[in-house]
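If you want the building blocks of each chain, they are given just below.
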Amino acid sequence: MKSFCIIFLLMLANAVLYCQSDLTVVKLNDISFGTDFGGREKRLDHSDVGAAKFQIQSKIETNATITIMLPSFFISADGSEKISASFNDRSAAWSMIDNVSSRTSFDPRQPLSLSLKQNQIVYVWIAGTLHPSRSQRACKYSGSITLTVHTLPKN
Amino acid sequence: MKYIILTLLFVLLFCGFSTAQETASATAMGTFSVLGYATVTKLADLNFGDLIVGVNTTVQPTDAQAAEFLFTGDVNTVVQVTITFPSDLICGSNTMKFHEISPIYNTIPDAASATLFKHTSGGSATTGADGNLYIWAGGRVMANKNQAAGIYTGIMQIVVVQP
């Protein structure tokens, strides 16, 4: 019975460890294209302060695949108007350090594979371009960017 | 013994899971505000014509000599109109007092059916289905008996704020 209790406690501890996630993804900044007139392309670079910013951290050494769900349009609050959004092979960047010079650009439309060390932090910035038409209705438009990280432990 | 074996199996099972794959995600919201295009065009100056000394001369906003402006912006939108009138008309070093009259507005170019602004400085008005808003402004002046002859002018400024 005593042995059973010890093993049960070990099992419980392991279960608690299992419940604690090794991977965290946090949004640090929303993406803001600011304000402008219609008919003028609004381009945002990943180094601009308005770019979306995420932080990824893994407690264990792992191989990570980053996929990003990008909006095709920014939509008005009532849903009646939309502005097309586009992204290219330099719209996003990642870095192990939170500064501009160390960034590596990548295409947010394609999955990105990274090798993460234990407790390694990775920053990801995402920007893009909006194409409001000349007759675009004056109002606020919004869209969302979802960054998903999938990890597989290193062998 | 049977319990111990079963428990060990569970432990091994959990150990296996603890090194399993993981997925996490976060979402950033994006925003962009589009400003509406708007223009104000002067269509006509306010013209008092020739004045008779000692007599008040008034140009009503509905008169043909009234100043006329056209604002073009968003359709069916409430805008704030502010008109700044000159306090005096000037001819060199000579001045002539200018008196304000409440301006009028309409969504079509018809002063006769226009609506009076609440204040002499303007107020709120709504653009038409084509985004147009016509504004007319008049005024009143009087040349004193010893008023120097000449052409007296002043500047009238209109500001339209579209939200």
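Look above for the structure.
About the thresholds
- Residues numbered from 1 in each chain as written.
- Chains lettered and ligands numbered in written order.
- Predicted model: local features only at pLDDT ≥ 70, side-chain atom pairs only at ≥ 80, totals over all residues.
- Helix = DSSP H or I, 4+ residues; strand = E, 2+ residues; numbered from the N terminus.
- Contact = placed C-beta atoms within 7 Å.
- Buried ≥ 20, exposed ≤ 12 C-beta atoms within 10 Å, placed from the backbone.
- Pairing = 2+ DSSP bridges.
- Axes fitted to C-alpha atoms, helices over the stretch in contact; angles between N-to-C directions.

A closer look at the overall build of chain A
And then number 1: Scanning chain A for helices and strands turns up one helix and 13 strands.
And then number 2: Secondary structure elements of chain A occur, N-terminal to C-terminal, as α-β-β-β-β-β-β-β-β-β-β-β-β-β.
And then number 3: In chain A, once contacts between residues fewer than 6 apart in sequence are set aside, the share between residues at least 24 apart is 75%.

Focus: unusual backbone geometry
And then number 1: Despite not being glycine, Asn119(A) shows a phi value in the positive range, around 60°.
And then number 2: By the secondary structure assignment, Asn119(A) is in the loop between strand S10 (112–116) and strand S11 (120–126).
And then number 3: Asn119(A) gets classed as exposed once you count the C-beta atoms within 10 Å, which come to 11.
And then number 4: One non-glycine residue, Asn76(B), lies in the positive phi region at around 45°.
And then number 5: Among the structural elements, Asn76(B) can be located in the loop between strand S4 (67–72) and strand S5 (78–84).

Description of the sheet that holds strand S10 (residues 122–126) of chain B
All names here are of chain B.
And then number 1: Spatial ordering of the open sheet is given by S10-S5-S13, a layout of three strands whose pairing is antiparallel. Sheet topology places S10 and strand S13 (157–161) at the edges, where each strand pairs with a single neighbour. Strand-to-strand twist of the sheet, defined as the mean angle between neighbouring strand axes without regard to direction, takes the value 25°.
And then number 2: Sheet topology places S5 next to S10; five bridges connect them, and they run antiparallel. Residue pairing across strands places Val 81 opposite Gly 123, the latter belonging to S10.

Notes on the pairing of S11(A)
On a regular strand, each side chain points to the face opposite its neighbour's, so the side chains alternate between the two faces of the sheet.
Residues and elements named next belong to chain A.
And then number 1: Judged from the seven bridges that link them, strand S4 (residues 52–58) and S11 form a sheet pairing that is antiparallel. Across the sheet, residue Gln 55 finds its bridge partner in S11, namely Tyr 123.
And then number 2: Here strand S8 (residues 92–95) pairs with S11 via four bridges, running antiparallel. When the sheet's bridge partners are listed, Ser 95 is paired in S11 with Tyr 123.

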